[in-house]
Amino acid sequence: MILLTGATGYLGTLVLARLLEDPEGPQVVCPVRAPDAEAARERMDAVLERVWCDPGGDRRARVLPIAADITTGLGHPALRQVTHLLHCAAAVTFDQSLADARAINVGGTRAVLDLAARAPRLERLVHVSTAYVAGRHEGPFRETDLDVGQAFRNTYERTKFEAEQLVAAHAADGLPIAVARPSIVMGEAGTGWTTSFNVLYPPLRAYRRGLLREAAAAPDGLLDIVTGDYVADGLLALLQAPHADGAYHLVAGAGALTVHEVGDLAADAFDRPAVELSSVPRTDGDDDDVFAPYFDVACRFDDRRARGLLAAAGVAPTSAAREFGTLMRYADASLWGKRRPVRETVAALAA
């Protein structure tokens with residue numbers, strides 16, 4: 001039995017879809033923020049209906065949603081049967097107050113770790129962090145690195161860093177824990193399907209609308225973009241790896257793009273003049289300031305541990321440059337998140 005937190009989010013949904021697509025797969029317990037069991041089931045049904053036109057009774061039966069707030073602890077008889085735990089739940093709002101971000105990203109992680117310590121059958125826990133625990137560090141950032149004296153751009157980065165410190169302490173006490181650190185996650189390769197339009201999507205949308213003609217950005221700043229399928233497949237590979245421990249970067253690594261390269265890709269995708277990179281941004285009403293700090297990143301993520309482990313499972317990153325047009329076509333087709341196409345339908349059309 002697998003416990004999956006954050007199943008209603010983008011990465012959690014992709015992982016859940018993969019688990020349920022396997023007819024021999026396990027039962028999945030999903031804590032859902034809801035007032036009662038009925039409301040939790042309704043929320044989970046809505047997630048399944050974003051993946052499949054008809055989820056079917058078997059898929060519904062293999063998901064056990066429980067009404068719970070992970071920041072206040074988890075308790076349910078089924079949890080004693082959990083063998084694998086994947087912690088995807090997080091607050092990813094970059095302008096959230098430090099107290100609110102800590103309540104979810106640190107408090108939620110603490111509750112999951114406490115549960116893991118009490119789970120008698122637990123074989124593996126995978127904690128989803130972010131490569132941007134590196135903060136404003138410049139130069140290589142290794143998978144064995146955590147505290148390198150870095151400053152942080154926002155409360156998201158800071159609280160994910162603090163959560164990793166908690167995880168490291170529990171790992172030292174003997175819990176079987178691996179940490180996954182994705183970079184900038186966009187839509188799935190081949191279709192572009194996503195339910196999350198953050199980080200790069202808002203400035204790209206402003207550019208698409210002709211509202212972003214100049215941007216404060218370093219042309220050689222690194223944008224480490226990965227597609228959602230690579231991260232979801234990587235998470236499951238880590239969950240199933242019997243000896244995975246420490247941190248693994250689910251990133252483009254040496255394949256990271258520069259701001260200038262992404263600008264050229266966007267110009268080709270939308271047939272518009274490329275954004276002028278300058279010290280004075282002009283967005284004509286579209287506020288992308290919360291994402292602006294990611295346009296001068298001087299840190300490159302080393303992912304040798306992850307590539308070595310994932311290669312054995314047949315998992316490898318897809319070129320973001322090759323998929324960029326697909327990602328932008330899906331963004332346009334879904335009105336940048338206003339429409340919600342069913343994943344199964346989008347995949348069929350792409351095929």
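Right, let's get into the overall build of the chain. Scanning the chain for helices and strands turns up eleven helices and 15 strands. What you see for the chain is a C-alpha radius of gyration of 20 Å, in line with the 20 Å of a compact globule of 351 residues. Overall, the chain is about 60 × 45 × 40 Å in size when its C-alpha atoms are taken along their principal axes. A burial count over the chain gives 55% of its 351 residues as buried. Across the chain, every contact between residues at least 6 apart in sequence was considered, and the portion connecting residues at least 24 apart equals 83%. The chain carries 36 positive and 46 negative side-chain charges, and their two centres are separated by 2 Å.

Roughly 1,200 Å³ of volume is contained in the largest pocket. Elements supplying a minimum of two residues to the lining of the largest pocket: α1 (10-21), β2 (28-32), α2 (37-51), α5 (155-172) and β8 (184-186). Here the residues of the lining of the largest pocket are counted per class, giving 28 nonpolar, 15 polar and seven charged.

If you look at the biggest cluster of nonpolar residues, it comprises 50 residues, and the most contacted ones within it are Leu4, Leu16, Cys30, Leu86 and Leu235. Other than its neighbours up to four places away in sequence, Leu4 contacts Gly12, Val15, Leu16, Val28, Val29, Cys30, Pro31, Leu86 and Cys88.

Turning to unusual backbone geometry, a few remarks are in order. Excluding glycine, residues mostly have negative phi values, and the peptide bonds linking residues are mostly trans. For Leu335, which is not glycine, the phi dihedral falls at a positive 55 degrees. Examined against the element boundaries, Leu335 turns out to sit in the loop between α10 (320-333) and α11 (343-350). Under the relative-accessibility criterion, Leu335 is labelled partly exposed at 39%. Despite not being glycine, Trp336 shows a phi value in the positive range, around 55 degrees. Positionally, Trp336 belongs in the loop between α10 and α11.

The next point concerns the pattern of salt bridges. Evaluated as defined, the whole model comprises 16 salt bridges. A salt bridge links Glu162 to Arg102; the nearest nitrogen and oxygen atoms lie 2.8 Å apart. Taken together, the positions of Glu162 in helix α5 and Arg102 in helix α4 (residues 98-118) put the pair 60 residues apart, joining distant regions of the chain. The class of Arg102 is partly exposed, set by a relative accessible area of 35%. Linking Asp145 and Arg142 is a salt bridge whose minimum nitrogen-to-oxygen distance equals 3.1 Å. Arg142 sits in the partly exposed class, given a relative accessible area of 42%.

Let's shift gears to the pairing of strand β4 (residues 84-87). Of the two faces of β4, the one holding His84 and Leu86 and the one holding Leu85 and His87 are both buried throughout. As defined by bridge partners, strand β1 (residues 2-5) adjoins β4 across four bridges and the pair is classed as parallel. Residue Leu4 lies in a different strand from β4, and its bridge partner there is Leu86. Where β4 meets strand β5 (residues 124-128), four bridges bridge the pair, whose relative direction is parallel. When the bridges of β5 are listed, Leu85 appears paired with Leu125. Considered for its hand, the β-α-β crossover made up of β4, α4 and β5 is right-handed.

Here seven strands make up an open sheet; going across it, the order is β3-β2-β1-β4-β5-β7-β12 and the pairing parallel. Bordering the open sheet on either side are β3 (63-67) and β12 (246-250), each of which pairs with just one other strand. Adjacent strand axes in the sheet meet at a mean angle of 20 degrees, parallel and antiparallel pairs treated alike. Seen against the sheet, α5 touches β5 and β7 (177-182) and runs at an angle of roughly 160 degrees to β7. Running at roughly 150 degrees to β5, helix α7 (residues 228-240) makes contact with β1, β4, β5, β7 and β12 of the sheet.

Right, let's get into the packing of aromatic side chains. Summed over the entire model, instances satisfying the criterion amount to eleven aromatic pairs. Look at Phe152 and Phe161: their rings are 5.1 Å apart centre to centre, the planes differ by 50 degrees, and that puts the pair in the tilted class. The buried category is assigned to Phe152, whose relative accessible area is 16%. Given a relative accessible area of 8%, Phe161 falls into the buried group. Consider the rings of Phe197 and Tyr330, whose centres lie 6.5 Å apart with planes at 10 degrees: the pair is stacked. Here Tyr330 lies in helix α10 and Phe197 lies in the loop between β8 and α6 (201-208), a separation of 133 residues in the sequence. Look at Tyr330 and you get buried, because its relative accessible area is 5%. Taken together, the ring pairs connect Phe197, Tyr201, Tyr207, Phe270, Tyr330 and Trp336 into an aromatic cluster.

On to the confidence of the model for the chain. Averaged over every residue, the pLDDT of the chain is 92; residues scoring 70 or more account for 96%. In this model residues 280-287 is a low-confidence stretch, pLDDT under 50, and it forms 17 contacts with partners more than four residues away in sequence or in other chains.

Following both chains from N to C, one finds α6 and α10 inclined at 75 degrees, their axes separated by 12 Å at the closest point. It follows from the interaxial angle that α6 and α10 lie roughly perpendicular. From α6, Tyr201, Leu204 and Arg208 reach across to α10, where they touch Phe324, Leu327, Met328, Ala331 and Asp332. In terms of residue class, the contact of α6 with α10 is made up of six nonpolar, no polar and two charged.

So, how was this worked out
- Residues numbered from 1 in each chain as written.
- Predicted model: local features only at pLDDT ≥ 70, side-chain atom pairs only at ≥ 80, totals over all residues.
- Heavy atoms only, no water.
- Helix = DSSP H or I, 4+ residues; strand = E, 2+ residues; numbered from the N terminus.
- Rg over C-alpha atoms; globule rule 2.2 N^0.38 Å.
- Buried < 20%, exposed > 50% of the residue type's maximum accessible area, 1.4 Å probe, protein only.
- Contact = heavy atoms within 4.5 Å.
- Lys, Arg positive; Asp, Glu negative; His and termini not counted.
- Charge placed at Lys NZ, Arg CZ, Asp CG, Glu CD.
- 1 Å grid on protein atoms, 1.4 Å probe; cavity = no way out; pocket = protein on both sides within 12 Å on 5 of 7 lines; lining within 4 Å.
- Points joined across faces, edges and corners; volume = space filled by probe spheres on them.
- Nonpolar A, V, L, I, M, F, W, Y, C, P; charged D, E, K, R; others polar.
- Core = buried A, V, L, I, M, F, W, Y, C linked by side-chain atoms within 4.5 Å.
- Salt bridge = Lys/Arg side-chain N within 4 Å of Asp/Glu carboxyl O.
- Pairing = 2+ DSSP bridges.
- Right-handed = clockwise from strand over helix to strand, strands pointing away.
- Axes fitted to C-alpha atoms, helices over the stretch in contact; angles between N-to-C directions.
- Phe/Tyr/Trp six-rings, centres within 6.5 Å; stacked < 30°, edge-to-face > 60°.
- pLDDT = per-residue confidence, 0-100.
- Parallel < 35°, antiparallel > 145°, perpendicular 65-115°, else oblique.

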